[in-house]
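# Architecture and fold: a report
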Amino acid sequence: MSRYDAVFIHAPSVYDFRKKPIFYGPVSDVIPSSPVFEMYPVGFMTISAHLIAAGFRTRIVNIANLMLSSEKFDVEKKIRGIDADVYFIDLHWLPHAHGAIELARIVKKYHPDSKVEFGGFSSSYFRQELILYPEVDLVMRGDTTEYPTVLMMEALKKGGDLSKVPNLIWKDSEGRVHENDVTWVLDDLDSVIFDYGVMIKSVMKTMDINGSLPWKAWSKVPLTSVFTVRGCSINCAECGGSHAANKTVVCRNRPAYRSPAKLAEDMEGIQNYMRAPIFIVGDIRQAGQKYCDDLLSEVRERGIDNHVVIELFRGASAEHFSNIDRSFPGGWSIEFSPDSYDESVRLALGKGYTNDAIDKTLSAAFQNGCSRFDLFFMTGLPKQTRDSALDTARAAGHLWDQVNPGDGLFIYDSPFAPFVDPGSRAFQEPEKWGYRLRARTLEDHRRLLDSPSWKHTLSYETEFMTRDDIGEVSYDAAIELTNAEMETGRITPEQAKARNERTETARHVMHLVDEAVAIEDPAERDRALWAVKDEGIRLMDSTITDKNDLDWRSGSIWSNSPRILAGLMKSFFRKA
C-alpha cells in the first residue's frame, strides 16, 4: 500500500446515491458535471502544487466520479487501500454537505489515527458546526489557504504548534476546539502555484484515470480554467461569492487579482499540455480597463491560440469584443448570467444594467468575432413572480432576433437550486429579499440533500412562489424556451417536440415522487420511489435542456497525448 502525506478526496453530493431512489431533476442542466456534482474545486490542484513544492507526497481521488463510472465501485475498499497522514475533503459547494461528512466517517473507520481536514467556502461558513463532528479534526478557513496548509502539514509532520497556523480551526489531543485568527488573506494571487500538470502527473503515477479527472465527461470534452480573482467587487444578493459573502465567510475585504502576466503564463502552461478551451473565470474588466488591456497584450505576446471562454458581469461594448478578437486567434466565447430579463428582478439582485444593454451586448459580440455566447436565466429569484419567470423565458425569442440565425447564441433557463448560498445577503437577511429559508445549519442542509426529489431538496420558498410553484414554473419556463427556440428557426419542430416531451416526462416523475412521499407506510413508500428511479436516471444529465449544447468541440484528452508529453518535458526542464 502506497503511503501519502496528503490525499484529496472529493465526495458525491449524496452518499450513497446509487442505493437511494433520488430524482435529481434539472439542478445541474447548466453545469458540466452531473447532479452528483462530481466536479472537484480548483483548490485541489493549487494546494497540491504547493504541498508538492514543499516536499509532500499528494494524490487526488475523485470518489464521486469513480462512483458514477461504475455501479460496482467499492468506496470503502478504495479508501481502505489509500494510506495517508491527512485526508483533505472539500466542502466548498454546499450540495456536498451530505457526501462529504459520510466520506469523513469512512476515512475514520479505516484510518482512525489519520487526520481529516475540511476546506472551502461552505466549510469556512459552517466551521464552528463542522469541527464538532467527531470525524473532523481540522477546518481551514479562507480562499487563499495554500500556504497555511503547508504550515499545517509541517506542524503535523514535525509535532509543531498548530496554534501558529493562520486560519486554522483544530482539535487538540483532548478534543478541545481552538480557532486561530484569520490572518492569511492574500492581497494578490501571483504567489499561488497554478499547474494543470499536477492532475496529469497524478494520473500517470497512479493510473487511476477516473479517480483523477475533474468530472466524468472531462476526458471527452475537456475544459480548463484560469482565475483572474478570488473575491468579488460585485454584490449580487443571492451569490455566495459576492463581495458581502466574501467579507462574511473568508474575511476578504477586497478582491485579490492575479496579474495579467501571471494569468497569461497560466494560459500558456495549459496550452503546453493540451489543446482544450480555457475558461477565464472572472470578468477581465473587473480590476479596471488597464488590467484588461494589459492581459490582452500579454496573451498576444505569448501567442495563446487555444479557444478562450470570457466571462461578463455586465454588458460590453463592440470595442471590448474587438480587442478580444484581436487577442485570441483560436477563437473565443462568452458566458453571461443576467439571471432574469425582468429589470426589476435584476435590480433587486444587485445587477444594475438594463435589458437594452443585454441586447446590444449580444449583437456587438457576434459582429466582432464571437463564436458562441451562453446566456443564463434562473427561476426562484428575489422579487420574481411566476409571470416574471415565464416572461424571461419568452424573451428568448426576442434575444435570438438580435443576432443572425447562424450565430451561436445559446440560452438556458434553470431553477435556482438547490440552496440559497450561505453567506450571501439573501441567506443572511432572507426576509429582506423575500425568502423563507428551510435550512440554516449545516445539518439542516444535510437532511434536505437526502430527499427523494430536487424539489424537496430546495432550501427556500419565496414571497411569490412555493416549492411546488418553483418546480412547476421551472418546467413551464423550459417549454416556453424550447418553443421560442423553435419559432426562431434554431431547432426543428421535431426537436422541439422531443425536448418538450422529455420536460413533461420529468414533470410527471416529479409528481410521482410527490405522491410517493405522501404514502404513510414506509415500505410501500420506498417501493413507489424505487419504481421511478430508472426513469429519473434516464433524465439525469439533460432534464429540461440539451446538455450537449454546453460542450466545446475540442477533441478528447487522448487526442492531446503528444502535447501532454511535450508539456511534461518542458515542465521537467524548467525545474531542472
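What you see is a predicted model, and the numbers here were worked out from it, not measured in a lab.

### Observations regarding the overall build of the protein
Each helix and strand counted, the protein has 24 helices and 17 strands in total. What you see for the protein is a C-alpha radius of gyration of 23 Å, in line with the 25 Å of a compact globule of 576 residues. Expressed as a percentage of its 576 residues, the buried residues of the protein come to 60%. Sequence-distant contacts in the protein: of pairs separated by 6 or more residues, those separated by 24 or more amount to 75%.

### A look at the nonpolar core
Ranked by size, the top nonpolar core spans 79 residues in total, and within it Phe23, Ile63, Val75, Leu103, Phe118 and Leu130 carry the most contacts. Considering every element that reaches this core, the biggest residue donor is helix 4 (residues 97-110), with seven residues. Sequence-distant contacts of Ile63, defined by excluding residues within four places in its chain, comprise Ile9, His10, Phe73, Val75, Lys78, Ile79 and Leu103.

### Focus on the pairing of strand 13 (residues 332-339)
Where a strand is regular, its side chains alternate between the two sheet faces. Among the eight residues in strand 13, seven count as buried, and that is most of the element. Handedness of the crossover joining strand 12 (residues 308-312) and strand 13 through helix 13 (residues 318-327): right-handed. Relative to strand 14 (residues 372-379), strand 13 runs parallel, the two being bridged by five bridges. When the bridges of strand 14 are listed, Ser333 appears paired with Arg372.

### Description of the packing of helix 11 (residues 260-273) against helix 12 (residues 289-302)
Contact geometry for helix 11 and helix 12: axes closest at 8 Å, N-to-C directions at 40°. The two elements helix 11 and helix 12 meet at a crossing, and its hand is right-handed. Residue-level inspection shows Pro260, Ala261, Leu263, Ala264, Glu265, Met267 and Glu268 of helix 11 in contact with helix 12, the latter providing Tyr291, Asp294, Leu295, Glu298, Val299 and Arg302. Considered class by class, the residues forming the contact of helix 11 with helix 12 number eight nonpolar, no polar and five charged.

### What to know about unusual backbone geometry
A cis amide bond links Tyr15 to the next residue, Asp16, at an omega of -10°. At the junction of Ala417 and Pro418, the peptide bond is cis and its omega measures out at 0° in the coordinates. When you line up the elements, Pro418 lands in the loop between strand 15 (409-415) and helix 17 (425-428). One non-glycine residue, Asp339, adopts positive backbone phi at about 75°. You can see Asp339 is positioned in strand 13.

### Focus: the environment of Asn253
Tracing the sequence through the fold places Asn253 in the loop between helix 10 (243-250) and strand 10 (256-257). Taking the C-alpha atoms as reference points, Asn253 and Asp187, 66 residues apart in sequence, are found 9.6 Å from one another. Other than its neighbours up to four places away in sequence, Asn253 contacts His243 and Lys247.

### Observations regarding helix 1 (residues 43-53)
Counting buried positions along helix 1 gives eight out of 11 residues, so the element sits mostly inside the fold. For helix 1, every residue scored as buried is listed here: Phe44, Met45, Thr46, Ile47, Ser48, Ala49, His50 and Leu51. In the stretch just after helix 1, Gly55 is the one whose phi turns positive, near 95°.

### Digging into the sheet that holds strand 6 (residues 168-171)
Taken in spatial order, the seven strands make up an open sheet running 2-1-3-4-5-6-7, and their pairing is mixed. Only two strands of the sheet have a single partner each, and these edge strands are strand 2 (58-62) and strand 7 (177-179). Sheet twist, expressed as the average angle between the axes of neighbouring strands with direction ignored, equals 20°. For strand 5 (residues 138-140) and strand 6, the ladder comprises three bridges, and the chain directions are antiparallel. By the bridge assignment, Met140 is partnered in strand 6 with Leu168. Sitting on the sheet, helix 1 touches strand 1 (3-10), strand 2 and strand 3 (83-90), and the angle it makes with strand 1 is about 170°. Against the sheet, helix 4 touches strand 1, strand 3 and strand 4 (115-119), its axis set at about 165° to strand 4.

### Things to note about the sheet that holds strand 14
Strand order in the open sheet made by the six strands is 8-11-12-13-14-15, with parallel pairing throughout. Edge positions in the sheet fall to strand 8 (224-227) and strand 15, since each has one partner strand and no second. Averaged over all pairs of adjacent strands, the angle between their axes in this sheet comes to 25°, without regard to strand direction. Each of strand 12 and strand 13 touches helix 13; the most contacted strand, strand 13, lies at about 145° to it. Taken strand by strand, helix 16 (residues 386-400) contacts strand 14 and strand 15, and its axis lies near 175° from that of strand 15.

### Some points on the confidence of the model for the protein
Per-residue confidence for the protein gives a mean pLDDT of 91; residues scoring 70 or more make up 90%. The low-confidence segment residues 561-569, where pLDDT is below 50, has 15 contacts with residues more than four positions distant or belonging to other chains. Contacts of residues 572-576 to residues separated by more than four positions or lying in other chains number two contacts, the stretch itself having pLDDT below 50.

### Points about the pattern of salt bridges
One pass over the full model with this rule turns up 42 salt bridges. A salt bridge links Arg176 to Glu174, with the nearest nitrogen and oxygen atoms 2.5 Å apart. Overall, the relative accessible area of 47% leaves Arg176 in the partly exposed class. Residue Glu174 is classed as exposed on the basis of its relative accessible area of 58%.

### What about the environment of Ser124?
Within the element layout of this structure, Ser124 appears in helix 5 (residues 121-125). Distance from Ser124 to Arg141, taken between C-alpha atoms, is 4.6 Å for residues 17 residues apart in sequence. Excluding anything up to four places from it in sequence, Ser124 contacts Met140, Arg141, Gly142, Val249 and Val250.

### Description of the packing of aromatic side chains
Going through the model one piece at a time under the given rule, you end up with 17 aromatic pairs. The interplanar angle of 25° and the centroid separation of 5.2 Å between the aromatic rings of Tyr40 and Phe44 together place this pair among those described as stacked. Taken together, a centroid distance of 5.6 Å and an interplanar angle of 90° make the contact between Tyr125 and Phe427 edge-to-face. Here Tyr125 is found in helix 5, whereas its partner Phe427 is found in helix 17, with 302 residues between them in sequence. Judged by relative accessible area, which is 1%, Phe427 ranks as buried. Among the aromatic residues, ring-to-ring pairing joins Phe8, Tyr40, Phe44 and Phe88 into one connected group. Above the ring of Phe410, the side-chain terminus of Arg372 is found at 4.6 Å from the ring centroid. Across the ring face of Phe427, the terminal group of Arg440 is positioned such that the distance to the ring centre comes to 4.4 Å.

About the criteria used
- One numbering rule holds for all chains: residues counted from 1, following each sequence as written.
- pLDDT decides what is reported in this predicted model: residues at 70 or higher carry local features, side-chain atom pairs at 80 or more are listed and counted, and totals for whole chains, interfaces and linings draw on all residues regardless.
- Hydrogens are left out, water is left out, and the side-chain values use all remaining heavy atoms of the structure.
- A helix here means a DSSP run of H or I that spans at least four residues, while a strand means a run of E at least two residues long, and both kinds are numbered starting from the N terminus.
- What the globule rule says is 2.2 Å times the number of residues to the power 0.38, and the radius of gyration is computed from C-alpha atoms.
- Here the term buried applies to any residue with accessible area under 20% of the maximum for its type, exposed to any over 50%, and partly exposed to those in between, with areas from a 1.4 Å probe on protein chains only.
- Residue contacts are defined here by distance: any two heavy atoms, one from each residue, within 4.5 Å place the two residues in contact.
- Buried Ala, Val, Leu, Ile, Met, Phe, Trp, Tyr and Cys residues form a nonpolar core when they are joined through side-chain atoms within 4.5 Å.
- Here is how to tell: hold the view so the strands point away, follow the path from the first strand over the helix to the second, and if it runs clockwise the crossover is right-handed.
- What makes two strands pair is DSSP finding at least two bridges between them.
- Lines are fitted to the C-alpha atoms to define the axes, a helix being fitted only along its stretch in contact, and any angle between axes, read from their N-to-C directions, falls within 0 to 180 degrees.
- When the near helix sits turned anticlockwise from the far one by under a right angle, the crossing is termed left-handed; a clockwise turn instead gives a right-handed crossing.
- Only Asp, Glu, Lys and Arg are considered charged, only Ala, Val, Leu, Ile, Met, Phe, Trp, Tyr, Cys and Pro nonpolar, and every remaining residue, Gly among them, polar.
- Every residue gets a pLDDT, meaning the predictor's confidence in that residue, from 0 to 100.
- Throughout this description, the term salt bridge denotes a Lys or Arg side-chain nitrogen within 4 Å of a carboxyl oxygen of Asp or Glu.
- The pairing test for Phe, Tyr and Trp rings, Trp by its six-membered ring, is centres within 6.5 Å, and the orientation test on the planes gives stacked under 30 degrees, edge-to-face over 60, and tilted for anything in between.
- Here, over-ring charges are defined by two tests on the NZ atom of lysine or the CZ atom of arginine: distance to the ring centre within 6 Å, and angle to the ring normal within 35 degrees.

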